[in-house]
Structures are given as C-alpha cells and as structure tokens.
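Residue-level listing of the chains:
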Amino acid sequence: MVREIKSSELNKLLELYLNLHEQSIPKATEHLKNTWNTIINDTNHHIIVKEVDEKIVSSCVCVIIPNLTRGIRPYAFIENVVTHSDYRNHGYATECLKYAKGIAERENCYKMMLLTGSKKESTLKFYEGAGYNSSDKTAFIQWLE
C-alpha cells in the first residue's frame, strides 16, 4: 500500500533513512520532536511511504511550494527518495513517485523537481524512467554549515 505517513511512524521512517545516507538514527530530542511536528502538520509537506507487511520499505518527500509565476501555480519538490536495500527492484520507489505526482497534479503544480546526489547510471536511468529529465535546468547546490 502507498500512502502518506502517519504521525506515529517517525521511528520507522528514520530506520528507513539508514538506507539513504544517514549513519545513525537521531536521538529523540526536543528538536527532533519539534521538527517532526512541523513537518507532519504542514499541509504542503507530504511524506509518501510504501508499506509491505506492515513495514515501511520505500519513501519520498513531496513539498508543494507556492509560487507567483507561471499563472500563480505552485511547483513540487521531490526529495529523500529511498528504498530499503532488501526491497529494491520491485517498483516501490516508482509507486511513491507516482503518488507524489498525483499530489502535484491535484495541487495544480506546473512542474516537479528532483535532485539526486547519485552519479550511478542505474539511479539516473531510474529517474528518467519515472519521467524526470536532466536537460531542462541546471542545479547548483551550496552546502551550509
């Protein structure tokens, strides 16, 4: 089943993020609790999950960003696309991305953007197969301390 995350599933999501780029699960601090509450209560912030046998095995984040151009239409930003290593190559991330696209269409977004740090050909082909291209725009990133 693909759906939006429940507020009670933070720990399951943090465990999944160990398959992304995280080295450990953050400590249960007030800062973590406040950040989670901000995310889960933001109607423009969607965490999409794929559940298999009551386990969250894949996820992506879709944030709808209000915009004053393009007919005052918002755009969607996709981030943190991840599938647990034991569940890859089953189409689960594709299902999450399709769900995100449905949200973007429902919100009348004029585009969806996705950044990846991966240089792996298989990952890039996966995103191309999901309908994204790397030729329309150039992304620049500035990392902050």
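A brief report on the enclosed structure follows.

Next up on the list: helix α3 (residues 92-106). Between the first and last C-alpha of α3 there are 21 Å, a value that for 15 residues agrees with the 21 Å anticipated at 1.5 Å per step. The complete set of buried residues in α3 reads Tyr92, Ala93, Cys96, Leu97, Ala100, Ile103 and Ala104. Across the axial projection of α3, the buried residues extend over an arc of 140°, all falling on one side. Facing away from the buried side of α3 by over 90 degrees, the exposed positions are Lys98, Glu105 and Arg106. Buried residues belonging to α3 abut β1 (2-4), β2 (45-52), β3 (55-65), β4 (75-83), β5 (112-114) and α4 (121-129). Once α3 finishes, asparagine 108 follows within two positions and takes phi at roughly 65°, a positive value.

So, on to the state of the cysteines. By the definition in use, this model includes zero disulfides. Free cysteine cysteine 96: the closest other cysteine sulfur is in cysteine 60, separated by 5.2 Å. Assessed through its relative accessible area of 1%, cysteine 96 is described here as buried. The thiol of cysteine 109 is not disulfide-bonded; the next cysteine sulfur, from cysteine 62, is found 6.7 Å away. Given a relative accessible area of 11%, cysteine 109 falls into the buried group.

With respect to the helices, strands and loops of the structure, tyrosine 92 is situated in helix α3. Sequence-wise, tyrosine 92 and arginine 3 are 89 residues apart; in three dimensions their C-alpha atoms are separated by 12 Å. Excluding its chain neighbours within four sequence positions, the residues that come into contact with tyrosine 92 are Lys50, Val52, Val57, Ser58 and Tyr87.

This brings us to the nonpolar core. As a rule of thumb, nonpolar side chains are buried together in soluble globular proteins. Counting residues in each nonpolar core, the largest one holds 17 residues, and the members touching the most others are Ile48, Cys60, Cys62, Ile78, Val81, Leu97 and Leu114. For this core, the elements supplying multiple residues, two or more each, are β3, β4 and α3. When residues of this core are assigned to their parent elements, the largest contribution, six residues, is made by α3. If you look at the next biggest cluster of nonpolar residues, it comprises 13 residues, including Ile5, Leu10, Leu32 and Ile56.

Turning our attention to the sheet that holds β1. Ordered in space as β1-β2-β3-β4-β5, the five strands form an open sheet in which the pairing is mixed. Only two strands of the sheet have a single neighbouring strand rather than two, namely β1 and β5. In this sheet, adjacent strand axes meet at a mean angle of 30° when their direction is disregarded. Pairing of β1 with β2 involves three bridges; the strand directions are antiparallel. If you follow glutamate 4 over to β2, its bridge partner there is isoleucine 48. α3 contacts β1, β2, β3, β4 and β5 of the sheet and is inclined by roughly 25° relative to β3.

Reading guide: rules and limits
- Residues numbered from 1 in each chain as written.
- Predicted model: local features only at pLDDT ≥ 70, side-chain atom pairs only at ≥ 80, totals over all residues.
- Heavy atoms only, no water.
- Helix = DSSP H or I, 4+ residues; strand = E, 2+ residues; numbered from the N terminus.
- Expected span 1.5 Å × (residues − 1).
- Buried < 20%, exposed > 50% of the residue type's maximum accessible area, 1.4 Å probe, protein only.
- Arc of directions from axis to C-beta.
- Contact = heavy atoms within 4.5 Å.
- Disulfide = S-S within 2.5 Å.
- Core = buried A, V, L, I, M, F, W, Y, C linked by side-chain atoms within 4.5 Å.
- Pairing = 2+ DSSP bridges.
- Axes fitted to C-alpha atoms, helices over the stretch in contact; angles between N-to-C directions.

Any functional reading would require information that these geometric values do not contain.
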